[in-house]
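# Fold and contact review
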Amino acid sequence: MTAKLILGTEIREEILKEVEEEVKTIKAKHGAVPGLVTILVGQNPASVSYVTLKIQTANRLGFKEIQDNQPEDISEKDLLALIERYNNDDSIHGVLVQLPLPKHIDEKKVLNAIDPDKDVDGFHPVNVGRLMIGGSEVKFPPCTPAGIQEMIVRSGVETSGAEVVVVGRSNIVGKPIANMMLQKGPGANSTVTIVHTRTKDMASHCKRADILIVAAGVPGLVKPEWIKPGACVIDVGVNRVGEKVSEKTGKKVAILRGDVDFDAAKEIAGYITPVPGGVGPMTITMLMKNTLRSLKFKLGIA
Ligand code: NAP
């Protein structure tokens, strides 16, 4: 069998078009556009390129977009005051602080200072609680897990009654996606198992999975013989395993691998995501969707 590829690059375009259309309609009807601010402290190169991509996407969709660059030595007090200013700005619906922050700043304190109703990343404890309760309580599902769920649903994979096995229990991927898949409702209703480094016989759990979601950060962790024939395999892992010279630009670029042995797994699975080009492009896409949701909540049309 050769698995059907689930491409984040394609699904991203579908979703961004939907968001763009909705932004135009809301602007015409209500005279408002989603407003997103990204606060970047210092100039960490990985953060700069990630923030640049966020800004380009927000601009393309017609959002009001602010990139607020702050010096590396900004005090925690000043950063908290800045967040408070955006919390109180009615034209801003999403407030993001790009991580990591310099060591002299308490990351947890900063993230918890974002108004939960503008926390479009969905990491504030209030939004984690809302996600756990599920249903209409959910405001901002965290972006990578929300992207994973969209990929599964838009590929037509049945989730109701499916055995879902999640490899990894991080707060940003493993725990939230497991929680989302077990909720009562469309795109969920699954029976969920989470495995991690202390799990005995991880292979036996993975072999049961109709949907296998792998977010461990270990290249090639999931072996082809752990995959149930026809299963849907979502590989979240992004691992730099070397460097190569890009044919397009002539510059050195990272060689990326997922957590699944892709070449062998695609002959067994029914659906599979590649790395790169799979889950990766979904995170910023869902961030845009959450920012639009935030505006819709404010307008009472969500
Ligand atoms: P993380 O915080 O390091 O968590 C990794 C989880 O995997 C932990 O729960 C760990 O178990 C588990 N794990 C690690 N090695 C394992 C092993 N040998 N067997 C079983 N479980 C193992 O990582 P994360 O932030 O969730 O990210 C995971 C991967 O996804 C990374 O490669 C990251 O780059 C990628 N990622 C991609 C996107 C995207 O594409 N948009 C977004 C986020 C993350 P313990 O808890 O027992 O230590």
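Residues numbered from 1 in each chain as written. Predicted model: local features only at pLDDT ≥ 70, side-chain atom pairs only at ≥ 80, totals over all residues. Heavy atoms only, no water.

### With respect to the environment of D261
- Positionally, D261 belongs in the loop between β10 (252-257) and α9 (262-265).
- With a relative accessible area of 32%, D261 lands in the partly exposed category.
- Along the backbone, D261 and P34 are 227 residues apart, and their C-alpha atoms lie at a distance of 40 Å. (Helix = DSSP H or I, 4+ residues; strand = E, 2+ residues; numbered from the N terminus. Buried < 20%, exposed > 50% of the residue type's maximum accessible area, 1.4 Å probe, protein only.)

### Considering the packing of aromatic side chains
- Summed over all chains, the structure comprises one aromatic pair.
- Consider the rings of F140 and F297, whose centres lie 6.2 Å apart with planes at 85°: the pair is edge-to-face. One end of the pair, F140, is in the loop between α5 (125-133) and α6 (143-154); the other, F297, is in helix α10 (residues 282-299), with 157 residues separating them in the sequence.
- For F140, a relative accessible area of 1% gives the class buried.
- Of note, R85 hangs over the ring of Y86, and the distance from its end group to the ring centre comes to 5.2 Å.
- If you follow K139 out to its NZ or CZ, it ends over the ring of F297, 4.7 Å from the centre. (Phe/Tyr/Trp six-rings, centres within 6.5 Å; stacked < 30°, edge-to-face > 60°. Lys NZ or Arg CZ within 6 Å of the ring centre and 35° of its normal.)

### Some thoughts on the sheet that holds strand β1 (residues 4-5)
- Read across the open sheet, the six strands follow the order β1-β11-β8-β7-β5-β6; overall the sheet is parallel. In this open sheet, the two edge strands, each paired with only one partner strand, are β1 and β6 (191-195).
- In the sheet, strand β7 (residues 211-214) pairs with strand β8 (residues 232-235) via four bridges, with the strands oriented parallel. Its bridge partner being in β8, V214 is matched across the sheet by D235. (Pairing = 2+ DSSP bridges.)

### Section: the state of the cysteines
- One pass over the structure, following the stated rule, counts zero disulfides.
- Here C206 stays unpaired: no disulfide links it, and the sulfur of C232, its closest cysteine neighbor, is 14 Å away.
- In this structure C206 comes out as buried when scored by relative accessible area, which is 1%. (Disulfide = S-S within 2.5 Å.)

### So, the packing of α6 against helix α7 (residues 174-182)
- Packing of α6 against α7 leaves a shortest axis separation of 9 Å and a crossing angle of 45°. As far as their axial angle goes, α7 and α6 are oblique. Considering how the two elements wind past one another, α6 and α7 form a crossing that is right-handed. Between α6 and α7, the contacting residues are P145, A146, I148, Q149 and I152 on the first element and P176, I177, M180 and M181 on the second. (Axes fitted to C-alpha atoms, helices over the stretch in contact; angles between N-to-C directions. Parallel < 35°, antiparallel > 145°, perpendicular 65-115°, else oblique. Left-handed = near helix turned anticlockwise from the far one by under 90°. Contact = heavy atoms within 4.5 Å.)

### Digging into the site of the ligand
- What surrounds the ligand is a group of 20 residues, the closest being R169, S170, T197, V238 and T283.
- Within the backbone of V236, a nitrogen or oxygen atom sits 3.4 Å from an oxygen atom of the ligand.
- Within the backbone of V238, one N or O atom sits 3.0 Å away from an oxygen atom of the ligand.
- Burial of the ligand by the surrounding chains reaches 68%, relative to a free accessible area of 920 Å².
- Residues of the shell around the ligand, tallied by class, amount to nine nonpolar, 10 polar and one charged. (Near = heavy atom within 4 Å. Polar contact = N/O pair within 3.5 Å; in protein donor to acceptor, adjacent residues only side chain to side chain. Areas by Shrake-Rupley, 256 points an atom, 1.4 Å probe, with all protein chains shown as cover. Nonpolar A, V, L, I, M, F, W, Y, C, P; charged D, E, K, R; others polar.)

### Regarding the pairing of β8
- Of the two faces of β8, both are covered, the one formed by C232 and I234 as well as the one formed by V233 and D235.
- Here β8 runs beside strand β11 (residues 271-272); their pairing, made up of two bridges, is parallel. The residue of β11 that forms the bridge with C232 is Y271.

### Some points on the packing of helix α1 (residues 8-30) against α6
- Running from N to C, α1 and α6 cross one another at 95°; their axes reach a closest spacing of 11 Å. Relative to α6, the element α1 is oriented roughly perpendicular. Side by side, α1 and α6 meet where G8, I11, E14, I15 and E18 of the first sit next to E150, M151 and R154 of the second.
- For the contact of α1 with α6, the residue count by class is three nonpolar, one polar and four charged.

### What to know about the side chain of T273
- Checked against the element boundaries, T273 lands in the loop between β11 and α10.
- According to the relative accessible area criterion, T273 is buried, its value standing at 0%.
- Once residues lying within four places of it in the same chain are set aside, the contact partners of T273 are I6, M151, V233, I234, D235, F262, G278 and V279.

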